[in-house]
Amino acid sequence: MAQQSLRQKLAILADAAKYDASCASSGTAKKNSLGRKGIGSTEGMGICHAYAPDGRCISLLKILLTNHCIFDCHYCINRKSSNVARARFTPQEVVDLTLNFYRRNYIEGLFLSSGIVKSANHTMEQLVEVARILREEHDFRGYIHLKTIPEADAEIIHQAGLYADRVSINVELPTDTGLTRLAPDKNARQIEGAMGRTKDRILTAKDERKKFRHAPRFAPAGQSTQMIVGADDANDAAIIGKASRLYDSFGLRRVYYSAFSPIPDASAVLPLKRPPLMREHRLYQSDWLMRFYGFAPQEVAEAAGADGNLPLDIDPKLAWALKFRESFPVDINRAPKEQLLRVPGLGTKAVARILAARRHRSLRLDDVARLTTSLPKVRPFICTVDWRPTLLTDRADLRLRLTPKVEQLELFA
């Protein structure tokens, strides 16, 4: 086999990493190299782009250590039986790439994953070695996210958490039956066991930091996971339920969703077509409803249709409101925050503005229009001093009136 150049390896392994969506870099401890100590920073305005909660764009070098793999997961482009070009970095090559890219201001951190080569322990040791060299030999203070391997020994995963800002373990699929059928080398109990141990260590490290100022940090940005959508027959209600259990059981920062993408020489057990990307988007919206809008998982699932899937033409919050019209209209001037957050078209910022403004005077419809950009969607579900929707809330064609119109863009408009 001909020797590959670093550029060729980077082309192969950066492309192979694009299927992993769980690379956001929010929530880490702030570090920088002021005072000429160390190199790198977890802050800044910015070769993968992730977005922090405050809207900052964070650039990450997103690569695999190798796309060789001893597992044969049907949905994975890098599976053992896949006919793709293979490459492999050494830990030192990843370190050199990270430092050189950072010095050129291309990136602010590293997202490193890998196929499993030789064994889970061997691969995990290589990933940890990259982080160790960066942190200990180069005093790198930028962001590091390591994708951990649940089959590896617990102590190796523990070492990963000591060097990385965030660690993640992919649950892969929303149901155990789907995982058994499409990823026979993986075990759901083993994955959840590794996530549970990681959660315990994160909590222990936080407690120790409260007592001892210089106690070591362990994955200060927490852990995340990813589910593939559309590779099996799990519907959106099942996916929402699984995500909720993961949040409750393991204290995850995020659950990421990745729409299944057909791959070359695919297994016969996989669907021939990918699910609509809008389905992935609706799942992220449902995730937001549970995390920031006070919706219970069962309430979000109730927005789904008879097939258990969320509608694609309208967002889950509007779908829920149309199903439970008896909860509306909501009085903008009297309703508590929890009720306002359920009004379609009102986001968390708009609700905060309404709560602040109504302390000083009773709000009219024009006032609401100035506090939100979605007044046409809001009007059927609220009442103000000068506005009541009367029969508008119960109109049979309300959904049609509120469904965004799909328009074909013109090339030379």
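Looking now at the overall build of the protein. A tally of helices and strands in the protein yields 15 helices and nine strands. Out of the 413 residues in the protein, the part that is buried amounts to 51%. Of the roughly 20500 Å² of accessible surface on the protein, a fraction of 52% belongs to carbon and sulfur atoms.

Let's shift gears to the nonpolar core. Among the nonpolar cores identified, the biggest contains 113 residues, and Tyr-75, Leu-112, Tyr-257 and Phe-381 are the most heavily contacted of them. No other element matches helix α3 (residues 120-137), which puts eight residues into this core.

Moving on, we come to the environment of Val-300. Among the secondary structure elements, Val-300 is positioned in helix α9 (residues 297-302). Residues Val-300 and Ile-240 lie 60 residues apart in sequence; the distance between their C-alpha atoms is 7.8 Å. Dropping the residues within four chain positions of it, Val-300 is found in contact with Ile-240, Ser-286, Leu-289, Met-290, Phe-295 and Leu-310.

Moving on, we get to the confidence of the model for the protein. Averaged over every residue, the pLDDT of the protein is 88; residues scoring 70 or more account for 88%. Confidence drops under pLDDT 50 across residues 41-46; counting only partners more than four residues distant or on other chains, this segment forms 29 contacts.

The omega torsion of the bond from Phe-328 to Pro-329 falls at 0°, within 30 degrees of zero and hence cis. Looking at the element boundaries, Pro-329 is found in the loop between α10 (316-323) and β8 (330-331). Positive phi, close to 40°, is recorded for Ala-219, a residue that is not glycine. Looking at where Ala-219 falls in the secondary structure, it is placed in the loop between α6 (188-211) and β6 (223-229). Note on Ala-219: relative accessible area 1%, which makes it buried.

For the coordinates displayed, the defined rule picks out 20 salt bridges. Of the charged contacts, one joins Asp-176 and Arg-189 as a salt bridge, the two residues approaching to 3.0 Å between their closest N and O atoms. Taken together, the residues Asp-176 in helix α5 (residues 176-182) and Arg-189 in helix α6 connect sequence positions 13 residues apart. For Asp-176, a relative accessible area of 32% corresponds to the partly exposed category. Linking Arg-291 and Asp-287 is a salt bridge whose minimum nitrogen-to-oxygen distance equals 3.5 Å. One end of the pair, Arg-291, and the other, Asp-287, are both in helix α8 (residues 277-292), four residues apart, so they sit about a helical turn from each other. Residue classification places Arg-291 among the partly exposed positions, given a relative accessible area of 28%.

As a further point, take the layout of surface pockets. Taken as a whole, the largest pocket encloses approximately 790 Å³ of empty space. Lining of the largest pocket is provided by 40 residues; of these, Asp-20, Tyr-75, Cys-76, Asn-170 and Glu-172 occupy positions nearest its centre. Going through the elements one at a time, β6, β7 (254-259) and α8 are the ones with two or more residues in the lining of the largest pocket. When its residues are assigned to classes, the lining of the largest pocket shows 21 nonpolar, nine polar and 10 charged.

For β7, the buried fraction is high: six of the six residues fall into the buried class. The alternating pattern of β7 places Arg-254, Tyr-256 and Ser-258 on one face and Val-255, Tyr-257 and Ala-259 on the opposite face, and all of these are buried. Pairing of β6 with β7, which is carried by six bridges, proceeds in the parallel orientation. The residue of β7 that forms the bridge with Gln-226 is Tyr-256. The parallel pair β6 and β7, bridged by helix α7 (residues 236-250), forms a crossover whose chirality is right-handed.

Another point: the side chain of Asp-287. Exposure remark for Asp-287: the relative accessible area of 0% places this residue in the buried category. Not counting chain neighbours up to four residues away, the residues in contact with Asp-287 comprise Tyr-247, Arg-254, Val-255 and Tyr-257.

Attention now moves to the packing of α6 against α7. Running from amino to carboxyl end, α6 crosses α7 at an angle of 40°, the nearest separation of the two axes being 9 Å. Between α6 and α7, the angle falls in the class oblique. Contacts between α6 and α7 involve Glu-192, Met-195, Gly-196 and Lys-199 on the former and, on the latter, Lys-242, Leu-246, Asp-248, Ser-249 and Phe-250. Class assignment of the residues belonging to the contact of α6 with α7 gives a composition of three nonpolar, two polar and four charged.

With that settled, the discussion passes to the state of the cysteines. In a disulfide, the sulfur atoms of two cysteines are covalently bonded to one another. This structure, assessed with the given rule, holds zero disulfides. In this structure Cys-73 is a free cysteine whose sulfur lies 6.1 Å from that of Cys-76, the closest cysteine sulfur available. Judged by relative accessible area, which is 6%, Cys-73 ranks as buried.

The rules behind each value
In this convention, every chain numbers its residues from 1, walking through the sequence in written order. Reporting in this predicted model follows two pLDDT cut-offs: at least 70 for local features of residues, and 80 or more for side-chain atom pairs to be given and counted; totals over whole chains, interfaces and linings ignore these cut-offs and use all residues. To obtain the side-chain values, all non-hydrogen atoms of the structure were included, while hydrogens and water were left out. Each helix is a run of DSSP H or I of at least 4 residues and each strand a run of E of at least 2, with the numbering of both proceeding from the N terminus. Relative accessible area decides the class of each residue, using a 1.4 Å probe on protein chains only: under 20% of the type maximum gives buried, over 50% gives exposed, and in between gives partly exposed. The protein chains shown are the only cover counted for residues, whose accessible areas, like all others here, come from Shrake-Rupley with a 1.4 Å probe. Working definition of a nonpolar core: buried Ala, Val, Leu, Ile, Met, Phe, Trp, Tyr and Cys residues. They are joined through side-chain atoms within 4.5 Å. We call two residues in contact when some of their heavy atoms are within 4.5 Å. How sure the predictor is of each residue is captured by pLDDT, a score from 0 to 100. In the sections that follow, a salt bridge refers to a side-chain nitrogen of Lys or Arg positioned within 4 Å of a carboxyl oxygen of Asp or Glu. Using protein atoms alone on a 1 Å grid, points that fit a 1.4 Å probe yet trap it form a cavity, whereas open point sets bounded by protein on both sides within 12 Å along at least five of seven lines form a pocket; residues with an atom within 4 Å of a point count as lining. Grid points are joined across faces, edges and corners, and a volume is the space filled by probe spheres set on the points. By the convention adopted, Pro, Cys, Tyr, Trp, Phe, Met, Ile, Leu, Val and Ala count as nonpolar, Lys, Arg, Asp and Glu as charged, and the other residues, Gly among them, as polar. Following DSSP output, two strands are said to pair if at least two bridges run between them. With the strands aimed away from the viewer, a crossover counts as right-handed if its path from the first strand over the helix to the second runs clockwise. For helices, the fitted axis covers only the stretch in contact; all axes are lines through C-alpha atoms, and the angles between them, taken along N-to-C directions, range from 0 to 180 degrees. Any angle that falls under 35 degrees is termed roughly parallel, while one over 145 is termed roughly antiparallel, one within 65 to 115 roughly perpendicular, and all others oblique. In what follows, a disulfide is any cysteine sulfur pair within 2.5 Å.

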